[in-house]
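Topology and contacts: notes
Now for the letters of each chain:
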Amino acid sequence: MKITLDKNVMDSNDHAASYNRDLFRRTGTLVINMMSSPGAGKTAILEKTVSALAGEFRIAVIEGDIATERDAERIRRNGVKAVQIATEGECHLDPRMVAKVLPEIDLDTTDILFIENVGNLVCPSEFDLGQNYRIVVLSTPEGNDKMTKYPLMFHVTDLALINKIDLLPYLSFDLDQAKKDLRGINPHSRLMPLSARSGEGFDTWLNWIRKAYQDGVKD
Ligand SMILES: Nc1nc2c(ncn2[C@@H]2O[C@H](COP(=O)(O)OP(=O)(O)OP(=O)(O)O)[C@@H](O)[C@H]2O)c(=O)[nH]1
Ligand SMILES: [Mg+2]
């Protein structure tokens, strides 16, 4: 499908989000918007995820960063298409920035599109990109208090990955407390501990993606 951007699409974020959502639905592409503070491990999780699912799904990645092409290059090293958006100062991706780069991705032949948002636990939570699922990554060194201090992010997401559990023996992070806090902020979300370093918990995460694909892309 050839994508030509209608001028109205760029009029407002609402238009752009609906445009993206409609395009993803028509092309049968599952889209996951991944958010976290800087360094929680979004790219590390994606690197491991795209290589684990390579034989099963056709995957593409959009990388959002304030500057540099570094994360897109990390993904490309795994043989997966990656488009970098450099926001040049903006602390989040918005749906217009995403709409603008979609012509670079062949959505007809893409089963799953991951969008790694700019590292920030606040601004990205306020922007609907037209995705099927929003997920947040919280890493154990950041501490238990981040959920209650940044509740909107945990309120708008469908899944909270707790990354870097390989470091738990050295830290005071309490997984049970995190589960309780998440239930208080968003009873519909789910907590999923894993480690992009050791691979622990990855089977559960990969199965979540498989189910999301089945549920989200039925047409
Ligand atoms: N010990 C440990 N380190 C990890 C894990 N996952 C990521 N890291 C390290 O954490 C650092 C940041 O990881 P990135 O994947 O770049 O984090 P990010 O969320 O993509 O960062 P930004 O894109 O800058 O927001 C790197 O040094 C990773 O090697 C993990 O599960 N365990
Ligand atoms: Mg990254």
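Residues numbered from 1 in each chain as written. Chains lettered and ligands numbered in written order. Predicted model: local features only at pLDDT ≥ 70, side-chain atom pairs only at ≥ 80, totals over all residues. Heavy atoms only, no water.

An unreviewed UniProt entry lists the protein chain under the name Hydrogenase nickel incorporation protein HypB, with Sporolactobacillus sp. Y61 given as the organism.

**Considerations on the overall build of the protein chain**
In terms of regular secondary structure, the protein chain is built from 8 helices and 7 strands. Against the compact-globule benchmark of 17 Å for 219 residues, the protein chain has a radius of gyration of 17 Å, which places it among compact chains. Judged by the C-alpha coordinates and their principal axes, the protein chain covers about 50 × 35 × 35 Å. Counting across all 219 residues of the protein chain, residues that qualify as buried make up 53%. (Helix = DSSP H or I, 4+ residues; strand = E, 2+ residues; numbered from the N terminus. Rg over C-alpha atoms; globule rule 2.2 N^0.38 Å. Buried < 20%, exposed > 50% of the residue type's maximum accessible area, 1.4 Å probe, protein only.)

**Remarks on the coordination of the magnesium ion (ligand 2)**
At 2.0 to 2.1 Å from the magnesium ion (ligand 2) lie its protein donor atoms, namely Thr 43 (OG1), Asp 71 (OD) and Glu 116 (OE). Considered as a linear motif, the donors of the magnesium ion (ligand 2) on their single chain read T-x27-D-x44-E. Of the two residues, Thr 43 is situated in helix α2 (residues 42–53) and Glu 116 in strand β4 (residues 112–116); the sequence distance between them amounts to 73 residues. For the pair Thr 43 and Glu 116, a shared accessibility class is recorded, and that class is buried. (Donors = N, O, S within 2.8 Å, 3.2 Å for Na, K, Ca; no water.)

**Notes on the nonpolar core**
Counting 31 residues, the largest nonpolar core has Ile 45, Ile 59, Val 61, Phe 114, Leu 161, Trp 205 and Trp 208 as its most contacted members. Mapped onto this core, the elements with two or more residues apiece are β1 (30–36), α2, β2 (59–65), α3 (70–76), β4, β5 (133–139), β6 (159–163) and α8 (202–216). Leaving out residues up to four positions away in the same chain, Trp 208 has contacts with Ile 32, Tyr 133, Ile 135, Leu 159, Arg 190 and Met 192. Residues Tyr 19, Ala 99, Ile 115 and Leu 129 belong to the second largest nonpolar core, which totals 22 residues. (Core = buried A, V, L, I, M, F, W, Y, C linked by side-chain atoms within 4.5 Å. Contact = heavy atoms within 4.5 Å.)

**Thoughts on the layout of surface pockets**
Here the largest pocket defines a volume of roughly 400 Å³. Considering the residues around the largest pocket, the lining is formed by 23 residues, among which Gly 39, Gly 41, Lys 42, Thr 43 and Arg 74 are closest to the centre. Looking at the lining of the largest pocket, the elements that each hand over two or more residues are α2 and α3. Partitioned by chemical class, the residues of the lining of the largest pocket number 7 nonpolar, 7 polar and 9 charged. (1 Å grid on protein atoms, 1.4 Å probe; cavity = no way out; pocket = protein on both sides within 12 Å on 5 of 7 lines; lining within 4 Å. Points joined across faces, edges and corners; volume = space filled by probe spheres on them. Nonpolar A, V, L, I, M, F, W, Y, C, P; charged D, E, K, R; others polar.)

**What to know about the side chain of Thr 43**
Taking the relative accessible area as the measure of exposure, Thr 43 reaches 4% and is therefore buried. Thr 43 has contacts with Glu 63, Asp 71, Arg 74, Ile 75 and Glu 116, leaving out every residue within four places of it along the chain.

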